[in-house]
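# Overview (structure and organization)
Now for the letters of each chain:
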Amino acid sequence: TKQREFYETLRAYYQAKIRKIVEERGVERSQIQILEALLRLRQACCDPRLIKHGDKSGSVKLEELARMLSELIGEGHKVLVFSQFTSMIELIEKELDKAKLPYQTLTGQTKTSERTRLMEQFQESKKPIIFLLSLKAGGVGVNLTAASYVIHFDPWWNPAAENQATDRAHRIGQTKAVSVYKLIVENSIEEKVLELQKKKRDLIERVITGEKMGKKITKEDLEYLLE
């Protein structure tokens, strides 16, 4: 409930702000502000602490992730968990420490030698383990076929990048079925973007990659995302 209240306050703020800016400048010249609004709302879905340090609203996603991981580790699985926010990965680490669940982490800051060691350890270990990866760091040159589960904590809106990350567990040499989960907050910007992806995939890719929107995104699209 507290997280929902946090999200709704933020949504109302950005709805009013973006509406005013777009009225004054038009959609194309409001691109930076639009991207900021979408980013903040996505972070609020993940964990309010990404926006307001020390916030006590709680994160329904983090609770659900901890429950899932506890179950999967108990069943003896190896799991990949992707997030594009390294600050979110740090919050997940604290949660896993609290639950005493085994994990290792790979982000853009991980040295090449350590990166290789972590991947080999994940592949060769006989014990169940969680591998936390930032989406970009884990999207290229990573072969993790020992995983039987992939969880996207905050699904990326560029489907190609997300699929590339998922494919780390689907490489040549994979012998088992791999289950892939996306954690989506109901009635939020995450759910709306997934709907828009189906209708206007090229639009979403332009919004997220920061390319010129031109006439591709309309006021109606923005109202839908921010309503």
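Residues numbered from 1 in each chain as written. Predicted model: local features only at pLDDT ≥ 70, side-chain atom pairs only at ≥ 80, totals over all residues. Heavy atoms only, no water.

### Considering the overall build of the protein
Assigned secondary structure in the protein consists of 9 helices and 5 strands. By residue count, 49% of the 227 residues in the protein fall in the buried class. Looking at the protein as shown, the accessible area adds up to about 11,900 Å², and 49% of this sits on carbon and sulfur atoms. (Helix = DSSP H or I, 4+ residues; strand = E, 2+ residues; numbered from the N terminus. Buried < 20%, exposed > 50% of the residue type's maximum accessible area, 1.4 Å probe, protein only. Areas by Shrake-Rupley, 256 points an atom, 1.4 Å probe, with all protein chains shown as cover.)

### Re the nonpolar core
Core analysis: the largest hydrophobic core is formed by 23 residues, its most contacted members being Leu69, Met88 and Ile151. Counting only elements with at least two residues in this core, the list comes to α3 (60-74), β1 (79-83), α4 (86-99), β3 (130-134) and β4 (149-152). Ranked by the residues each element gives to this core, the list is headed by α3, at 6 residues. Beyond its immediate stretch of four places on either side in the chain, Met88 contacts Cys46, Asp47, Leu50, Leu62, Ser83, Phe153 and Asp154. Membership of the second largest hydrophobic core comes to 21 residues, among which are Leu80, Ala137, Val142 and Ala165. (Core = buried A, V, L, I, M, F, W, Y, C linked by side-chain atoms within 4.5 Å. Contact = heavy atoms within 4.5 Å.)

### Focus: unusual backbone geometry
Positive phi, normally seen in glycine, also occurs at Lys100, with a value near 55°. Lys100 sits in the exposed class, given a relative accessible area of 76%. Phi is positive for Asn187, close to 55°, though the residue is something other than glycine. Judged by relative accessible area, Asn187 falls into the exposed class, the value being 53%.

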